[in-house]
Amino acid sequence: MLSKLNFVKLGVRHVFVRRHCISTMRRNLFTPAISPQQFSSSALPHQWIFAQRMYYHNVEANATGAQRQRHLIERQSRTQYQPLKSAFGVPLSRRAAMPSMITHQRHLRPLQSPLIGPRRTVDAPVPAGSTPTSNCVDIIRTYATDLVREKLIEPFGRPAKKTKRKVTVVGCGQVGMAVIMSILAQNISNEVCIIDANEKLVKGESKDVQQGSLYLRDAVIIGNTDYKASEDSAVCIITAGERQKKGQTRLDLLKTNVKIMSQIVPPLVKYSPETILIIVSNPCDILAHVAWKTSQLPLERVFASGTHLDTARFRYFIAKRLGVSASSVQGYVIGEHGDSSVPVWSAVSVGGIRFRDLSKCAGAEGDTDQWHEVHNQVVKAAYEVIAGKGYTNWAIGLTVASLVSMILDNKNEVATVSTLAREREGIENDVFLSLPVVLGANGVTSFIKLQLSGLEQQRLCKSAETLDKAMQSLKGKK
């Protein structure tokens, strides 16, 4: 009779004998389809070869430690993808070399020809001077990027190819960049395109902003000289043109900037037929008229920033004098964006209280408080800034950004922008000048009917005549 210890020994021995028998049967039943010497020239898929090597009948697959590493190194030396061993700068690990190449064979097959040339046998000599070209390096980098993306990101839904909040700014000078930074800093749009004829400048400015996009809601900033980059823009802002210099009026820039405008508008409309054009280049009133005629867009979708900046300065100077915030002051400056602009004192109010209810002559003749000096400050403001730093940019940048916000967010806010004013407020001239309008997603949606005094009406008509004379001189030149 067997003791308990001998019984256990017999059972363990039986298990090992049984495993040996099963292993022997497998080796006899599953014969290798090809010999190891045929691996290098085999036309079978590498996945099938790798699978065969993993069966128990393959003695080398059961090897461990140094034997298995030696086997993998020998197999790697015979593969046709051996040049990719360290193509990415970091050699593949010995244990992961073969599985990695086999797993990503579907990526390597299209790259085989440009990377290593036609297929050759293992013993064939390597052609002299067969070093990777720059194009080859680019392909390798693209392949490496695809591998990382495949491991990191799992696609789910279809991504949007375009957004409806793209903004294009033509001209990356001081004003253009101020507009761009104002839009990005206020999160008005997270996709901005910069177009400029100076390739070095536009690339440098766009890269400079791109590198700080982490703090701009990961905004997309594109800089290019080709107008195709502006495709499908919701708003196009034109700031390109000759800059106003010390001693120059805005009308002095007319002849030069009209030529520039006629070259910019057609390609913008070609790639963004549903866009809204905002003209910032001076003289913006006349250039807006030219842009409207050139673009053939609906009238409500072409306007200039006009006296929107003058209105902001007007409210600021009144608030500064009274010691309140500018947002508590309501008022308009209309007419030309220039020396002939008209302050609408009859519409000025602070905290809902009209100035004219407190002083009927405020801003008019006989005003003992000298409120008319506020408008003089508005007119001189740009010249003072230009005399100090050579140009104006931040105030106009913030002003244009507020207009873009009204459009993209469909705010329907009131703003004084320059649009066709014929047969409005007693104006008979075919000119663009600033009037209070409602801005929304479709541009100018409606006009605000002002209750102008006789003096304000007279000054507005005179401002329209000044712009009309400039337009007539332009037509005469043609």
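Computed from a predicted model, the values in this text were never measured in an experiment. Position labels on residues start from 1 in each chain and follow its written sequence. Residues qualify for local features only when their pLDDT is at least 70, as the model is predicted, and side-chain atom pairs are given and counted only at 80 or more; totals for whole chains, interfaces and linings, by contrast, use all residues. As a rule here, side-chain values come from all non-hydrogen atoms in the structure, and water together with hydrogens is ignored.

Looking now at the overall build of the chain. Check the secondary structure of the chain and you find 15 helices and 12 strands. Relative accessible area decides the class of each residue, using a 1.4 Å probe on protein chains only: under 20% of the type maximum gives buried, over 50% gives exposed, and in between gives partly exposed. Burial statistics for the chain: of 478 residues in total, 43% are counted as buried. Surface accessibility of the chain: about 27,300 Å² in total, with carbon and sulfur atoms responsible for 54%. For helices the rule is a DSSP run of H or I covering at least 4 residues; for strands it is a run of E covering at least 2, with both sets numbered from the N terminus onward. The Shrake-Rupley method, run with a 1.4 Å probe sphere, supplies the accessible areas, and residue values consider only the shown protein chains as cover.

Here we come to the sheet that holds strand 8 (residues 342-350). Strand order in this open sheet of 3 strands is 7-8-9, and the pairing throughout is antiparallel. Of all the strands in the sheet, the pair left with one neighbour each is strand 7 (329-334) and strand 9 (353-354). Against the sheet, helix 11 (residues 308-322) touches strand 7 and strand 8, its axis set at about 140 degrees to strand 7. Any two strands with at least two DSSP-identified bridges between them are counted as paired. Note on definitions: a residue-residue contact is assigned when non-hydrogen atoms from the two residues lie within 4.5 Å. To get an axis, a line is fitted to the C-alpha atoms, and for a helix only the part in contact is used. The angle between two axes follows their N-to-C directions and goes from 0 to 180 degrees.

Each helix should span, by expectation, one fewer than its residue count multiplied by 1.5 Å. The terminal C-alpha atoms of helix 10 (residues 284-295), which comprises 12 residues, lie 16 Å apart, in line with the 16 Å expected from a rise of 1.5 Å per residue. Helix 10 sits mainly inside the fold: 10 of its 12 residues count as buried. Within the sequence span of helix 10, burial applies to C284, D285, I286, L287, A288, H289, V290, A291, W292 and S295. Q296 lies just past helix 10 and shows a positive phi near 60 degrees.

Moving on to a nonpolar patch on the surface. Residues enter patches when they are more than 30% accessible in relative terms and free of salt bridges; like-charged ones are connected within 9 Å and nonpolar ones (Val, Leu, Ile, Met, Phe, Trp, Tyr) within 5 Å. The working definition used for a salt bridge is a side-chain nitrogen of Lys or Arg within 4 Å of a carboxyl oxygen of Asp or Glu. On the surface, a cluster of nonpolar side chains totalling about 330 Å² of accessible area is made up of V148, L152 and I153. Mapped onto the elements, L152 comes out in helix 6 (residues 134-152). Classification of L152 by relative accessible area gives exposed; the value is 68%.

Here we come to the packing of aromatic side chains. When the centres of two rings from Phe, Tyr and Trp lie within 6.5 Å, Trp using its six-membered ring, the rings pair. Their planes under 30 degrees apart give stacked, over 60 give edge-to-face, and anything left gives tilted. Scanning the entire structure with this criterion turns up 6 aromatic pairs. Ring centres of W292 and F432 lie 5.9 Å apart, and the angle between their planes is 40 degrees; this geometry places the pair in the tilted category. Pair noted here: W292 is in helix 10 and F432 is in strand 11 (residues 432-440), with a separation of 140 residues, a long-range link. Exposure remark for F432: the relative accessible area of 2% places this residue in the buried category. Ring centres of F314 and W345 lie 5.1 Å apart, and the angle between their planes is 75 degrees; on these two criteria the pair is classed as edge-to-face.

Buriedness for pockets is judged along seven lines, at least five of which must meet protein on both sides within 12 Å for an open set on the 1 Å grid over protein atoms alone, while cavities are sets there where a 1.4 Å probe fits but cannot get out, and lining residues have an atom within 4 Å of a point. Grid points are joined across faces, edges and corners, and a volume is the space filled by probe spheres set on the points. Each pocket or cavity is described by its volume, and for the largest pocket that value is around 680 Å³. Every element with two or more residues in the lining of the largest pocket is listed here: helix 7 (174-185), helix 9 (254-271), helix 11 and helix 13 (372-389).

With that out of the way, let us pick up the pairing of strand 10 (residues 413-420). Of all the 8 residues making up strand 10, 6 are buried; the element is thus mostly covered by neighbouring parts of the structure. Pairing of strand 10 with strand 11 involves 8 bridges; the strand directions are antiparallel. From the neighbouring strand, A415 faces strand 11, where its bridge partner is V437.

The subject of this paragraph is helix 7. Because the α-helix completes a turn every 3.6 residues, residues three or four places apart line up on one side. With 12 residues, helix 7 extends 16 Å from end C-alpha to end C-alpha; this agrees with the ideal 16 Å at 1.5 Å per step. Within helix 7, the full set of buried residues consists of G176, M177, A178, V179, I180, S182, I183 and L184. Taken together, the buried residues of helix 7 touch strand 1 (167-170), strand 2 (191-195), helix 8 (199-210), strand 3 (220-224), strand 4 (235-238) and helix 14 (394-408). Just past helix 7, the residue N187 takes up positive phi, approximately 55 degrees.

Packed helices, taken two at a time, are described by the angle between their axes plus the distance between the axes. Two elements in contact, helix 9 and helix 10, have axes separated by 9 Å at closest approach and are oriented at 35 degrees. In this structure, helix 9 meets helix 10 at a crossing whose hand is right-handed. Here helix 9 contributes L254, N257, V258, M261, V265, P266 and V269 to the contact with helix 10, which in turn contributes I286, L287, V290, A291, T294 and S295. Put simply, Ala, Val, Leu, Ile, Met, Phe, Trp, Tyr, Cys and Pro go in the nonpolar bin, Asp, Glu, Lys and Arg in the charged bin, and everything else, Gly too, in the polar bin. Of the residues belonging to the contact of helix 9 with helix 10, the class tally is 10 nonpolar, 3 polar and no charged. Crossings are sorted by hand: turned counterclockwise from the far helix by less than a right angle, the near helix makes the crossing left-handed, and turned clockwise it makes it right-handed.

What follows is about unusual backbone geometry. Backbone torsion omega between N282 and P283 reads -5 degrees, so that peptide bond is classified as cis. For P283, the location among the structural elements is in the loop between strand 5 (276-279) and helix 10. Its identity is not glycine, yet Q370 carries a phi of approximately 60 degrees, on the positive side. Within the fold, Q370 resides in the loop between helix 12 (355-358) and helix 13. Positioned with a positive phi, N410 is a non-glycine residue whose angle comes to about 50 degrees. Turning to its location among the elements, N410 is positioned in the loop between helix 14 and strand 10.

This part covers the pattern of salt bridges. Pairing between side chains of opposite charge can happen when the charged atoms of each approach one another. For the structure on display, the rule yields 4 salt bridges. Residue E231 pairs with K228 through a salt bridge whose shortest N-O separation is 3.6 Å. Residue classification places E231 among the partly exposed residues on the basis of a relative accessible area of 34%. One salt bridge connects R354 with D357, and the closest N-O pair in it is separated by 3.7 Å. Its relative accessible area of 36% is what places R354 among the partly exposed residues. Using a relative accessible area of 55% as the deciding quantity, one classes D357 as exposed.

Let us now look at the environment of E242. With respect to the helices and strands, the residue E242 is situated in the loop between strand 4 and helix 9. Polar contact is the term for a pair of N or O atoms within 3.5 Å; when the atoms are in protein, one must be able to donate a hydrogen and the other to accept it, and sequence-neighboring residues count only if both atoms are side-chain atoms. Reaching out from E242, the side chain makes a polar contact with the side chain of T256 at a distance of 3.3 Å.

For the chain, per-residue confidence averages 79 on the pLDDT scale, and residues scoring 70 or more make up 68% of the total. Predicted confidence for residues 81-88 stays below pLDDT 50, and this span has 21 contacts to residues more than four positions away or in other chains. pLDDT under 50 marks residues 129-134. Its contacts with residues more than four places away, or in other chains, come to 0 contacts. Every residue carries a pLDDT, the predictor's confidence in it, which falls somewhere between 0 and 100.

Another aspect to go through is the side chain of D468. Here D468 is to be found in helix 15 (residues 454-477). You can call D468 buried: its relative accessible area is 18%. Side-chain polar atoms of D468 contact the side chain of N429, separated by 3.4 Å.

A separate point is the side chain of S233. Relative to the helices and strands, S233 resides in the loop between strand 3 and strand 4. Only 2.5 Å separates the side chain of S233 from the backbone oxygen of S230, close enough to count as a polar contact. The contact partners of S233, leaving out residues within four places of it in the chain, are K166, T168, S272 and T275.

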